[in-house]
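# Observations on chain architecture
Next come the chains, spelled out residue by residue.
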Amino acid sequence: RGGGGCRARGGAGGGRERPAMAASFVVDSPGVTYSPDFIQAKYSYRTTLVSQEDGTTRVKPCCTKLTFRTERNVPKLGVMLVGWGGNNGTTVTATVLANQLGLSWTTKTGTKHANYYGSLLQASTVSLGTGPSGEVYIPFRDLLPMVHPDDIVFDGWDISAMNLADAMQRAEVLDWSLQQQLRPFMEGLKPRPGIYSPEFIAANQEKRADNILTGTKAAQMSQIRHDIRDFKNSSGVDKVIVLWTANTERFCDVQPGVNDTAAHLLQAIEHGLEVSPSTLYAVASILEGCAYINGSPQNTFVPGAVELAVQRGVFIAGDDFKSGQTKLKSVLVDFLISSGLKPVSIVSYNHLGNNDGCNLSAPAQFRSKEVSKSSVVDDMVQSNPILYGPGERPDHCVRWGWCWARHVPLQAGWRRVGLSWRGGSHP
């Protein structure tokens, strides 16, 4: 991104200099070219093909030539959240507002200042390589031209009509003094009516459903498409991304003639057959040319939705955020099995007192989450037939909720008691 050298940050304690941070950089390579509008990079993606021939395992290196082109002009981005009034939607909106406004607030441990700590793009670095003084790093956000979160425009849908200030208070995530500062800026933000299908989420969500679209599935999808166009026109954004951050749905059966192809899926919507709300949002986004990200573990991307996205050249991604228990578990299992250690029992649990936990208290919705969380260990188990024989896998238990008990054979005569409390600081 433009020229410029490197600037060294101040020295660290003990006489050791901290790694250099690059202010900006250019790539000096015949495979990378710069124009006023684009950065274009040629990349060789190397893989290995393994085959069996006459009892011999043959390993053949393969190379696929790819070209990546990145626009240098950063677009004005709009993000429409499905479930805007939930914990995730209100918190991310409040976070961006707090950073835009440069807010500070007082807590029992002192004064806090708005920042993007915890953001992969905003708070992490990437090594560019080695310079005269050692490793040279650059903030991830500066690796390529990309949107800064302060510049994102938010909108979205929710089955609850509550404005975002009241929804933020209901979520009980942010400190009260910060909420008071944000309230004037969030009271005027109100979600658009959302798609509500009681058969796909827990019955206990009905009390929230006072802001819903009516009519046929085709009419509901048409309204979502209209909302996307309306937001794009009224906000002046160049691009829109739709992000599902609503309740986990039960799995939707993949049925021939219903959702197995793009044509069948569109026909199913027209005829009112079984199509989940998340798939309706995804299809609407694809038809409007908007990337769609799925942040919950249900099977939103049935084969017909994937085929439609390929036909339209629209990006779709995601089958759960996997940012907490699942992420930690996958990292630990990877580490243990890669080290030659054999996990024989895995018990993981979340204590959720929020609406996510309330929705997941229903068996069908919990099953979607359970499948997602259980699958993270499967690839690692299959990668090591030395540790695990045919059909063998760890005894894996996932629990979600407020209180549970389960027999774990590997504990033998031992009992393990876990305690969790809300608030306070953990050691």
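Residues numbered from 1 in each chain as written. Predicted model: local features only at pLDDT ≥ 70, side-chain atom pairs only at ≥ 80, totals over all residues. Heavy atoms only, no water.

### Some words on the overall build of the protein chain
Threshold: Secondary structure follows DSSP: runs of H or I at least 4 residues long count as helices, runs of E at least 2 residues long count as strands, and numbering of each begins at the N terminus. For every residue, the accessible area obtained with a 1.4 Å probe (protein chains only) is divided by the maximum for its type, and the residue is called buried under 20%, exposed over 50%, and partly exposed between those limits. Contacts: residue pairs with any heavy atoms within 4.5 Å of one another. The protein chains shown are the only cover counted for residues, whose accessible areas, like all others here, come from Shrake-Rupley with a 1.4 Å probe.
For the protein chain, the helix and strand inventory stands at 12 helices and 17 strands. Counting across all 427 residues of the protein chain, residues that qualify as buried make up 38%. By sequence separation, contacts in the protein chain at least 24 residues apart represent 67% of the contacts at least 6 residues apart. Total accessible area on the protein chain is roughly 24,100 Å²; 54% of this is exposed by carbon and sulfur atoms.

### Points about the nonpolar core
To be explicit about the condition: What is meant by a nonpolar core is a set of buried Ala, Val, Leu, Ile, Met, Phe, Trp, Tyr and Cys residues, joined one to another through side-chain atoms within 4.5 Å.
Membership of the largest hydrophobic core comes to 34 residues, with the highest contact counts inside it found for Trp157, Ile224, Ile228, Val240, Val242, Ile269 and Tyr281. When contributions to this core are tallied by element, the ones reaching two or more residues are β6 (77-82), α5 (217-235), β13 (239-244), α6 (262-271), α7 (277-287) and α8 (303-312). The element best represented in this core is α7, accounting for seven residues. Among all residues touching Ile269, those that are not within four sequence positions of it are Lys217, Ala218, Met221, Val275, Leu280 and Val283. By size, the runner-up hydrophobic cluster in this structure holds 21 residues, among which are Val79, Ala94, Ala98 and Leu164.

### Some remarks on the confidence of the model for the protein chain
Going by this rule: Confidence of the prediction at every residue is given by pLDDT, a number between 0 and 100.
Chain-level statistics for the protein chain give a pLDDT mean of 84 and a share of 80% at 70 or above. Confidence drops under a pLDDT of 50 for residues 1-16, and excluding neighbours within four residues, the segment shows 33 contacts in the predicted structure. Long-range and interchain partners of residues 410-427, a stretch whose pLDDT sits below 50, account for eight contacts in this model, where long-range means more than four residues apart.

### Brief notes about the packing of aromatic side chains
Spelled out, the test is: Think of it this way: a Phe, Tyr or Trp ring, Trp meaning its six-membered ring, pairs with another when their centres are within 6.5 Å, and the plane angle makes it stacked under 30 degrees, edge-to-face over 60, tilted otherwise. As a reminder, the over-ring test applies to NZ of lysine and CZ of arginine, requiring each to be within 6 Å of the ring centre and within 35 degrees of the ring normal.
All told, the structure shown has four aromatic pairs when counted by the stated rule. Relative to Phe301, the ring of Tyr292 lies with its centre 6.0 Å away and its plane at 85°, an arrangement referred to as edge-to-face. Exposure remark for Tyr292: the relative accessible area of 0% places this residue in the buried category. One aromatic cluster is present, formed by Trp157, Trp244 and Tyr281 through successive ring pairs. We note Arg69 situated over the ring of Phe38; from NZ or CZ to the ring centre the distance is 4.0 Å. The residue whose ring lies beneath Lys342 is Tyr388, and the NZ or CZ to ring-centre distance is 5.4 Å.

### Regarding the environment of Leu66
Here Leu66 lies in strand β5 (residues 56-71). When sequence neighbours within four positions are dropped, the list of residues in contact with Leu66 reads Ala41, Lys42, Tyr43 and Tyr45.

### A few points about the sheet that holds strand β15 (residues 316-317)
Inclusion rule: Strands are labelled as partners when DSSP assigns at least two bridges between them. Only the stretch in contact is used when a helix axis is fitted, and all axes are lines through C-alpha atoms; the angle between N-to-C directions ranges over 0 to 180 degrees.
Strand order in the open sheet formed by six strands is β12-β11-β6-β13-β14-β15, with parallel pairing between adjacent strands. Both outer strands of the open sheet, β12 (192-193) and β15, are each paired with one neighbouring strand and no more. As paired strands, β13 and strand β14 (residues 291-294) are joined by four bridges and run parallel to one another. Following the sheet pairing, Trp244 is matched in β14 by Asn294. This element, α5, spans β6, β11 (153-158), β12 and β13 of the sheet and lies at about 155° to β11.

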